[in-house]
Amino acid sequence: MCGIVGVLGSHEAAPILVEALKRLEYRGYDSAGIATVHDGALDRRRAVGKLVNLSDLLVHDPLRGKSGIGHTRWATHGAPTVVNAHPHRAGPVAVVHNGIIENFRDLREELAQKGFSFVTETDTETVALLAQSYVSEGLAPVDAALKTLSRLEGAFALAFLFEGEDDLIVAARKGSPLAIGHGDGEMYVGSDAIALAPLTNEITYLEEGDSAVVTRSSLLIRDEAGQEVTREAKIINIDQSMVDKGNHKHFMAKEIGEQPMVLGQAIDHYLSKDGKSVNMPGNGLDFTKINRLTMVACGTAYYACLTAKYWFEQIAGIPVEVDVASEFRYREPPITDGTVALFVSQSGETADTLAALRYCAGKADSIVSVVNVPESSIARESDLALPILAGAEIGVASTKAFTCQLTVLLMLALKAAEDRGALSADALAQHLSDLRGIPGLINQAMGAEAHIKDVAQKLSEARDILFLGRGRMFPLALEGALKLKEISYIHAEAYASGELKHGPIALIDKHVPVVVMAPHDELFDKSISNMQEVMARAGKVLLITDSAGLKEGAEGTWQTIQMPQVSPVLSPILYAVPAQLLAYYTAIAKGTDVDQPRNLAKSVTVE
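The rules behind these values
- Residues numbered from 1 in each chain as written.
- Predicted model: local features only at pLDDT ≥ 70, side-chain atom pairs only at ≥ 80, totals over all residues.
- Heavy atoms only, no water.
- UniProt positions renumbered as here; feature names shortened; annotations may be inferred.
- Helix = DSSP H or I, 4+ residues; strand = E, 2+ residues; numbered from the N terminus.
- Phe/Tyr/Trp six-rings, centres within 6.5 Å; stacked < 30°, edge-to-face > 60°.
- Buried < 20%, exposed > 50% of the residue type's maximum accessible area, 1.4 Å probe, protein only.
- Lys NZ or Arg CZ within 6 Å of the ring centre and 35° of its normal.
- Domains from an automatic or database assignment.
- Contact = heavy atoms within 4.5 Å.
- Buried area = accessible area lost by both parts, 1.4 Å probe.
- Salt bridge = Lys/Arg side-chain N within 4 Å of Asp/Glu carboxyl O.
- Polar contact = N/O pair within 3.5 Å; in protein donor to acceptor, adjacent residues only side chain to side chain.
- Nonpolar A, V, L, I, M, F, W, Y, C, P; charged D, E, K, R; others polar.
- 1 Å grid on protein atoms, 1.4 Å probe; cavity = no way out; pocket = protein on both sides within 12 Å on 5 of 7 lines; lining within 4 Å.
- Points joined across faces, edges and corners; volume = space filled by probe spheres on them.
- Arc of directions from axis to C-beta.
- Pairing = 2+ DSSP bridges.
- Axes fitted to C-alpha atoms, helices over the stretch in contact; angles between N-to-C directions.

Per the UniProt record, the feature "domain: SIS" (unreviewed entry) sits at residues 283–422 and 455–597. Annotation note: span residues 283–422, helix share 42%, strand share 20%, distance between end C-alpha atoms 21 Å. Helix makes up 42% of residues 455–597 and strand 19%, with an end-to-end C-alpha separation of 22 Å.

Counted under the stated rule, the structure contains four aromatic pairs. Relative to Tyr359, the ring of Phe328 lies with its centre 5.9 Å away and its plane at 80°, an arrangement referred to as edge-to-face. Pair noted here: Phe328 is in helix H10 (residues 325–331) and Tyr359 is in helix H11 (residues 351–360), with a separation of 31 residues, a long-range link. Across the pair, Tyr359 and Phe328 agree in class, each one buried. Centroid distance Tyr584 to Tyr585: 4.9 Å. Interplanar angle 80°. Geometry classified as edge-to-face. Tyr584 sits in the buried class, given a relative accessible area of 6%. Tyr585 gets classed as buried once you look at its relative accessible area, which sits at 14%. Over the ring of Phe118 we find Arg108; its NZ or CZ atom is 4.0 Å from the centre of that ring.

For the protein chain, the assigned domains are domain 1 (3–235), domain 2 (244–423) and domain 3 (448–596). Centre-to-centre separation of domain 2 and domain 3, based on C-alpha positions: 26 Å. At the junction of the two partners, domain 2 supplies 27 residues and domain 3 supplies 24 residues. Across the domain 2/domain 3 interface, buried area totals approximately 2,100 Å², and carbon plus sulfur atoms make up 70% of it. Our count for the domain 2 to domain 3 interface comes out at zero salt bridges. Linking domain 2 with domain 3 are 12 residue pairs in polar contact (both at pLDDT 80 or more). Among the secondary structure elements, those contributing two or more residues to the side of domain 2 that touches domain 3 are helix H7 (251–257), helix H8 (259–270), helix H9 (299–316) and helix H13 (400–419). Element by element, the count of residues in the side of domain 2 that touches domain 3 is highest for H9, at nine residues. Tallied by class, residues from the side of domain 2 that touches domain 3 come to 15 nonpolar, 11 polar and one charged.

Okay, the side chain of Gln559 next. Summarising the element assignment, Gln559 is placed in strand S25 (residues 559–562). According to the relative accessible area criterion, Gln559 is buried, its value standing at 15%.

This part takes up empty space enclosed by the protein. Overall, the coordinates contain two cavities of 30 Å³ or more when judged by the stated rule. Considering only enclosed or pocket space, the largest cavity measures out at about 90 Å³ in volume. A total of three residues in the lining of the largest cavity trace back to one element, the largest contributor, which is strand S6 (residues 93–101). Reported here for the second largest cavity is a volume of approximately 30 Å³. Lining the second largest cavity, in full, are Arg470, Met473, Met517, Ala518, Pro519, Asp521, Leu523, Phe524 and Ser527. Residue composition of the lining of the second largest cavity, grouped by class: six nonpolar, one polar and two charged.

For helix H16 (residues 449–459), the full list of buried residues reads Ile452, Val455, Ala456 and Leu459. Down the axis of H16, the smallest arc covering the buried residues is 105°, so these residues share one side. Residues of H16 that are buried make contact with strand S21 (464–469), strand S23 (513–517), strand S24 (540–545), S25 and helix H20 (571–590).

Once that is clear, we can look at the sheet that holds strand S16 (residues 292–297). With parallel pairing, the five strands of this open sheet are ordered in space as S17-S16-S18-S19-S20. Strands with a single pairing partner mark the edges of an open sheet, and in this sheet they are strand S17 (320–324) and strand S20 (384–387). Along the sheet, successive strands turn relative to each other by an average axial angle of 20°, direction set aside. Where S16 meets strand S18 (residues 339–345), five bridges bridge the pair, whose relative direction is parallel. Looking at the pairing, Thr294 lines up with Ala341 of S18. In the packing of H11 onto the sheet, the strands contacted are S16, S18 and strand S19 (366–371), and the crossing angle to S18 comes to about 165°.

This is the structure in structure tokens:
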């Protein structure tokens, strides 16, 4: 969640660190800071709020030095204050940290007994003080850092900077990602490749439990057992246009608009040359030997899994269990023979999802992941990793990653149906032909943007909003409510339409808009019946449907949004677009921070 950068360079480090931190803003944060070593002296600057506050501070109180570390903090232990902001310093040691040190209370007590005092509420200060204690006992900086790491329990990415050492950063990862960048006489540390992209394209990813001693001319990596190891350096090509807003006011708007392009790329990647079948990378999967699919994810990715459950069960005939990762890992469910465990994560570093994957390793017949970052921990620890090819997604509220996840999961379901003989060749070809048309349909859907903006202006006046959907549209209702609450801060909930009369209908009155997502499919009549129940109680219905749905069901509605006609199987992908635009323009009307909503982080690397 937090962002870490480090530089051992030949130029002043402060502006480089701040620019790198800006590229990590998408992760979410509430304070920021940097520390440098100049002429042997260690110093730091920290500020609460946006990075511009740190930049202003550095204008008035500059920080010299060509070696440094930086951090954007998303508060876990302790409120977002300057005192609690990173880097934390204890004597000759400065530390930046992503994650949670689970045994920090025991370590604090031990350090207190040795006479060390604490000034922050954070777990990270314990790391700095522990390293200081070992330096005071006579250990060299590298040895002090390594001994400190051996005492820590929990999940973390760490970078240490030491006074008197202007050519040294010690870094480590356990449960949180960290990468080393190779430059020309320079070295870098970053939470991900995006932070380092303008500085270098040669990246070494630390493996789980690795520590690294970094100098300008060398990189020494030790594994969890303390043995020296070699990790491959890879060339990473990140399209800079993907991490710039271009002519858009917000990343979210840009990323909504990119969906036709990236969905087309994802479809082409998995289609056979003749366009009549689905190709999986590597050896793929033999779905004839699969009895059950267990799908695990968090947040928006979880809703993608809920949608895919309909596809796998209805099209391929495979029983599917879907679970929230944070519940799955502690429920410790039995994994039966013939089970494939499938994990979905945009970042590929989601802590709970990664922990669930590790629980399934050795129990499930195969581990499959659907990810946007091919070099991520989840991808590397999977038997088969399926990239969604969405490109860098910077906005905290997922848009193009969600529709790309849906697209890849649908293609996987079609592959399963093909392998199991659940679809004829003609039926499969028709589904794939329909899928190739989805980028064009999304372009058509974007034509309703101006109208959606007007509807959103009215929606922004509400305090509570309900979303309803049936069948494949139920997970989309959940996603629509999530998007709205994430960035507009309006309370929104979603229900399966048929559940309305089992409790939620008590909430209906003239002040509560109800968004009904109902393409004219086999469940349309049922959806309209539920919608009539709302209107009979003075509820305001916003109906999102197609031309046939408007013809049959628009009477008495408060507002309508028209979508193109689409194959029922593909409706979740298309109907994600109006849900995204509604949330976006409602947030604009409310004046909230669209790309970096309060309290949220893009990459959730702590439990």
